[in-house]
Amino acid sequence: GEGGPPDVLADAHFDQLRGYFDGALQYAEQERPERVMVWGFVTHITEYAPGGKGESPPDPEALAALDRFLAYVDAKRAEGRVVYVTASEAADLAYPER
């Protein structure tokens, strides 16, 4: 319905997410915070399945939009601006004393 979640995700949704991602990168590079910065997002199969039904085949355009976003993030990794780590590795970096 109107005002509710989208049926499936599209480029417009990932464009908004890309803005948040770029803002986090810009902050990290300009401010050089002392603490390790970790950024991530969560997604669910229902966000790619028409009608929000996980048993439905995923919408090809929704998956393509996700692929484009992940390729964008990976381009930043190729530039040396992003490092991929597991959740445990991120915790170890952020809290080495634990």
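Residues numbered from 1 in each chain as written. Predicted model: local features only at pLDDT ≥ 70, side-chain atom pairs only at ≥ 80, totals over all residues. Heavy atoms only, no water.

Attention now moves to the confidence of the model for the protein chain. Close inspection of predicted coordinates is inappropriate for parts of the model with low pLDDT. The predicted model of the protein chain averages 91 in pLDDT, with 97% of residues at 70 or higher. Within the protein chain, the element-level pLDDT minimum falls on helix H3 (residues 87-94), averaging 91, and the maximum on helix H2 (residues 60-78), averaging 97. (pLDDT = per-residue confidence, 0-100. Helix = DSSP H or I, 4+ residues; strand = E, 2+ residues; numbered from the N terminus.)

Before going further, it helps to spend a moment on the packing of aromatic side chains. Scanning all chains against the criterion turns up five aromatic pairs. With a centroid separation of 5.6 Å and an interplanar angle of 25 degrees, the aromatic rings of Phe-14 and Phe-69 are classed as stacked. Of the two residues, Phe-14 sits in helix H1 (residues 11-31) while Phe-69 sits in helix H2, which places them 55 residues apart along the sequence. Accessibility expressed as a relative area gives 3% for Phe-14, which makes it buried. Three or more aromatic residues joined by ring pairs make a cluster, and in this case those are Phe-14, Phe-21, Trp-39, Phe-41, Phe-69 and Tyr-72. (Phe/Tyr/Trp six-rings, centres within 6.5 Å; stacked < 30°, edge-to-face > 60°. Buried < 20%, exposed > 50% of the residue type's maximum accessible area, 1.4 Å probe, protein only.)

Summed over the entire model, instances satisfying the criterion amount to five salt bridges. With its nearest N and O atoms 2.7 Å apart, the salt bridge here joins Arg-81 to Glu-29. Taken as a pair, Arg-81 in the loop between H2 and H3 and Glu-29 in helix H1 lie far apart in primary sequence, 52 residues in all. Judged by relative accessible area, Glu-29 falls into the partly exposed class, the value being 31%. Between Glu-79 and Arg-81 there is a salt bridge, and its shortest N-O distance comes to 3.4 Å. Residue Glu-79 is classed as partly exposed on the basis of its relative accessible area of 48%. Because the salt bridges share partners, they merge into one network encompassing Glu-29, Glu-79 and Arg-81. (Salt bridge = Lys/Arg side-chain N within 4 Å of Asp/Glu carboxyl O.)

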